[in-house]
Every structure is written in structure tokens, then in C-alpha cells.
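Geometric and topological summary
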Amino acid sequence: MKNISTMKNISNIHPTRRRIIQAGMASSAALLANSALAQETTLIPSRGPGDTIDSSVTYADRSPFVKDAKMRGSANGLSGGGLTPLQNSRGMVTPSGLHFEVHHSGVPEIDPSDHKLLIHGMVNDPKIFTMEDLLRFPSISHFHFLECAGNGMGEWLAPRSKTVQQTHGLTSCSEWTGVSLKLLLSELGVKGDPKWILAEGDDGARLTRSIPYWKAMDDAFLAYAQNGEFLRPEQGFPLRLIVPGFEGNMNIKWIRRLELSDKPWWTHHEVTEYADPRPDDKIRAFSFFMEGRSVITSPSGGMKLDGPGFYEISGLAWSGKGTVKKVEVSTDNGNTWQIANLNGPVLPKCHTRFTLPWTWDGKETTIMSRSTDDTGYVQPTYQEMYKLQGPIGMMHNNAIQNWHIAQDGEITNVRS
Amino acid sequence: MSVHNRKKIIALSAVAIGLSFGTLYASAQEKYGFGHHATADEIARYETDIHIDGKGLPKGSGNVALGKEVFDVQCAICHGENLEGMREMGTQSMHEGRRDIAKLPHSTALFDFIRRAMPLTDPGTLSNDEVYGLVAYLLNETGVIKNPDLTLDAKSLAAIKMPNRKNFIIDPASKFTAEDLKEE
């Protein structure tokens, strides 16, 4: 540890001497790590002192060897988004730069010093808050997943895509920090008996959704930070609504206005693509919750197992209605199920990493996972989901995902 | 310190002050006081939404003919000349499926959405007359109100009962029932 503390001042030292010190530090670190290997270590070729510390680089980038990337696109340039590369995800948090995104009218660039939030309607004292005002309130931080209601919509009728990024990449998980909506509303004083809140974004579409008032009294908050820094523009900088466990679209980005009312607005988004058509011509509206779901992220579609032997099955589980209680994994096409490890932390309305040690015998098989949350809800199969929603019901697809493993180790997306 | 604790402490000190001086001053001190009061003028500048009872609908009017004129110039390039949708532009048919105009539960949201979000590359530039005209054109074109002379304004638009409203069911998990959301 001594070496690390001396590093702080090393950039002030003459370059030649700096290189010598760094080389010395590197070799002593190697010795400390394992003195028995010292002799072997000296045989590793071409080990230089490393890159100099460039004071102009103030925001660290990834190693050039790490290539994980969102799949990003848009038919018209303004409505579209990006899918998170879940296949290489570790732990439960999604790096902010890889967090999925869905936009309906582009990504606005907002100067936080110009941004304001109006809260009005059924309140005693309608107010306008600047970002400075909002930052002065007591803050809260929570880890929550966000999932687009359309995550896996293309998979509804048949397995169409190859990788878990394509089938499930519209879910991500972050630590969000901001101000409790309940606190802000108590600041204004609620008038009468409001039931709904209109949340409006400051994107081109001024996207609006009706949020139940009870959610504001429960756990909704206005986030200005994500994973320890201010929000990324595509995540709603400088301010977004977080309604934990509710479909992504309701977590209004670039939020500019909240209006309290006794009735919902039945806005465009809540009655068209974010409502669920049923086989009997009924349309289910106000289906806010993202229900219990899980998926094996590794090994998964598009990967190839390198022959029989040990593999760790790893995946993510989450529930918009509560906490993941149990994840079961089947490695024999759903005939038998084993309880997976929940790696923790296991938090409500949050991605939960599960793992299961597995030795592949080299035979063709299909693997899958099934989650249960603390309300007792068990993740359904596609057959069960078809009964609930008709052929055009593509939203809120939380069915069990199967990955087929061929004898040569090739993994593909299948339905069984 | 949690908000709850903070309030508790404020309340306790208020009680203490009250006991000492015989007066309670708790309520004023419970607020942080950040932000400024929004005047009616300020709210009017922000507020652009239309409620289902028509509250918020602006002055003006437009008919099917005006709507068609605007549609052909501003909308057809992405939505197709006959509202059929253009996959390459990311739009869907307005005659069937999820964007079927006839399936909408209220006409107010149609007005609201066109006014706030369209045209995609230049939202907020249509006049109120043009938006009324577009709603009239779309309702006539999709057969919801078969009347090529249809003219809409705030009053007539708010009075429209969309036939598919009855097919909307409410997810019970929302904690609302059909009764809760009944419209007069």
C-alpha cells in the first residue's frame, strides 16, 4: 500500500526519474504479490513503465481491449434507442454509458442552469424549482432496474434474434440519487384528493404519462444522478422521474412539469403502444408494473462453449413488484430445476445476479431460468403468456427464455 | 438524518417552544422553502396538456379539408398518403393495430399528442386551427366520424365519444377500478 500513496506526487518529478521510480514500483509490487513467482515474473518480456499520467485526461476511459457496446439505432433518427450488452454484464449494476435508452423524439441537450420543474394542479402552493433548488433538498439513493415495456417484443411470436442483448437488452440497473416526490409534494401542500399526476418531459415530444398519485406517496423520486455522477443526457439530464418497478416509459426523462389531478389523461403513449391488446379485443390500460423476469446472460445466444467441462451459468432476475426470492435454472430443457445462488445484494425492484456452477457433459441440451418474487409470482412460459395476451400483445413480455446448446457448443435462441 | 427524524425533531422543538411560550409554530418551520411560487401567468406558459373533459383545449377550429391540406404537406411523408404507415420511417398504420385511430379511447389525447409532438422534426409549430383540422381529417378518414364536412373546435371535440372507450380495461394492479375511471 505504501507504493500507492507515493504515486500521488509522482507527476511532479522529473520524467526520467519518474520512469525509474515507476519501474521500481512495478517490480516491488510483483514481488509483494508473490515472491515465489519472482524469478518467473522477470521472464515476462517487454514490460515497460506504462503510460504516463496525462493531466489533460480527466475522465477515465475503458481499456481499449474492452469492446462492450450498445446496439443503437433509429428508423427516422429521432425515435429509437440502444440495447445493453447483457451478455458480458457482471454483477447487478449497468455502467451508465451502457444503460439502455429509448427515445420518442431525440435526446435534448439541456443546460441545467436553464432547467426548471413546475409542480401545479391540486396543490396549495404551485412552485417552480430550479436544479439548484432541487439539489438543496435532502437526497435519497436507491438501486433500481429500469426496463422498457417493449423489452423482447420482437420475440413474442417466435425466437427471432440471436443474442441476449437483442432479446433482453432493454433492461438496465443503476443507483439513482435524487429527491423524494413525497417530500416535494408535502412542500407544496396537496389540495383535495388527487389521484393522478401528469409527468411531462422536455424532449421534442414533451412526452407525457399519467402517474398514480399513490406511487408518489410510495417510492417515486426525481433523480439527478446515476451511479455517482449527474445523469447522462440520454438518461434524462438534468432530471428524470424514477417510478421503481414501473415500465421504463413512465420514468419521464428531462422532466419539466408535474400536474396533480383527480383523473388520468389517457395520453397518447398510455393508450397506444404502452397499452396491452387482448385476444378478446379488450385493451388493458394502466399496466404499469414490469413483472418478475429472469434470463441467463451467460452462456447465451451467439456464444459457443469450448467443449465439455465446467461453466458458470450466470444471469439476471428482477421484479417490478418486489424482491427476487428464488431463481431456478434448468439445464435439461425444463425437466428438472436447480436453485441458483443469488449473489447479492438482493434489493427490491432491482437486478439480482444469480449464478449456478454447471458441468456440461457435451450433449445437446436447452438451458433456461425461472424467477419467483416475494409476492409469490412465478415467471411464466410463453404458452402461459399467449393465453393472457393476443397475437399483437407484445408489451410486458416476461416469459422464460430458452438457450439451446448444440453438440458443438453453439448456442441459439429457441422456443420449446 | 431522515426527513422523518428531522420533522420529528422540529415537531418536538415546536412542542418545547409551545410549552415555554404557550404557542405552537410548527407548521411554518416544517417546510424547506426552496423554489418560488408559480404565478398563474407562469403556469399558463408551461401548461399545454388537454384533460379528457376538454379542459385545456385552445380557441380556434379546423375542418376536414384544412386537415387534409396540412396532412399532405406535413405528415404524409412519414405516415403515408393514406395513413398506411411507412416502416422505413418508423410509423405504423392508423387504420389497424396499435396506432388505429378508431381504437383510441378519447379524441382529446389525439389533439394533445399532435400539438405537442408533431411533426417529429418540428414539434409545436402547428397552429391550433391546423391541429383541429388534422383531428377532424383523421376521424373522418378512419371512419370514426364519417363526415367530410366535420369541423372541430374546443366544444365539439370535447363532446366526441370515442366508440372504443368501452373496450379499455384497467389493470387491477394499478389499484384503480373501471368504476374509479368512469367518465360521467
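As a reminder, the structure under discussion sits directly above these lines.
Now for a quick tour of the structure.

Criteria and cut-off values
- Residues numbered from 1 in each chain as written.
- Chains lettered and ligands numbered in written order.
- Predicted model: local features only at pLDDT ≥ 70, side-chain atom pairs only at ≥ 80, totals over all residues.
- Contact = placed C-beta atoms within 7 Å.
- Helix = DSSP H or I, 4+ residues; strand = E, 2+ residues; numbered from the N terminus.
- Expected span 1.5 Å × (residues − 1).
- Bend = angle between axes of the 7 residues up to and from the residue.
- Buried ≥ 20, exposed ≤ 12 C-beta atoms within 10 Å, placed from the backbone.
- Pairing = 2+ DSSP bridges.

1. A look at the interface of chain B and chain A
Taken together, the contact pairs 43 residues of chain B with 47 residues of chain A. Looking at the side of chain B that touches chain A, the elements that each hand over two or more residues are strand 1 (36–37), helix 3 (40–46), helix 5 (108–117) and strand 4 (168–170) of chain B. Per element, the largest residue contribution to the side of chain B that touches chain A is five residues, and it comes from helix 5 of chain B.

2. Describing helix 4 (residues 64–79) of chain B
Residue and element names in this part refer to chain B. Compared with an ideal rise of 1.5 Å per residue, which puts 16 residues at 22 Å, helix 4 spans 17 Å between its outermost C-alpha atoms and falls more than 12% short. At Asp-72, helix 4 is deflected by roughly 55°, the largest bend along its length. The complete set of buried residues in helix 4 reads Val-64, Gly-67, Val-70, Phe-71, Cys-75 and His-79. Phi for Gly-80, located one or two positions after helix 4, is positive at around 90°.

3. Here's the deal with the sheet that holds strand 21 (residues 352–360) of chain A
Residue and element names in this part refer to chain A. Ordered by their spatial adjacency, four strands build an open sheet running 16-17-21-20, and the pairing between neighbours is antiparallel. Looking at the sheet topology across the chains shown, the edges are occupied by strand 16 (293–298) and strand 20 (341–342). As defined by bridge partners, strand 20 adjoins strand 21 across two bridges and the pair is classed as antiparallel. Looking across to strand 21, one finds that Leu-342 is bridged to Phe-354.

4. A look at the pairing of strand 9 (residues 208–212) of chain A
All names here are of chain A. For strand 9, the tally of buried residues reaches five of five residues, placing the bulk of the element in the interior. Looking at chain direction, strand 8 (residues 196–201) and strand 9 are connected through five bridges and run antiparallel. Within strand 9, the residue paired with Glu-200 across the bridge is Thr-208. Joining the antiparallel neighbours strand 8 and strand 9 is a turn of six residues, in which Arg-206 adopts a positive phi near 45°.

5. A word on the sheet that holds strand 22 (residues 365–373) of chain A
All names here are of chain A. An order of 19-18-22-23-24 is seen for the five strands of this open sheet, with the pairing classed as antiparallel. Two strands in the sheet have a free side with no partner beyond their single neighbour: strand 19 (338–339) and strand 24 (411–414). Note: strand 22 against strand 23 (residues 402–405), four bridges, orientation antiparallel. Residue Thr-365 lies in a different strand from strand 23, and its bridge partner there is Ile-405.

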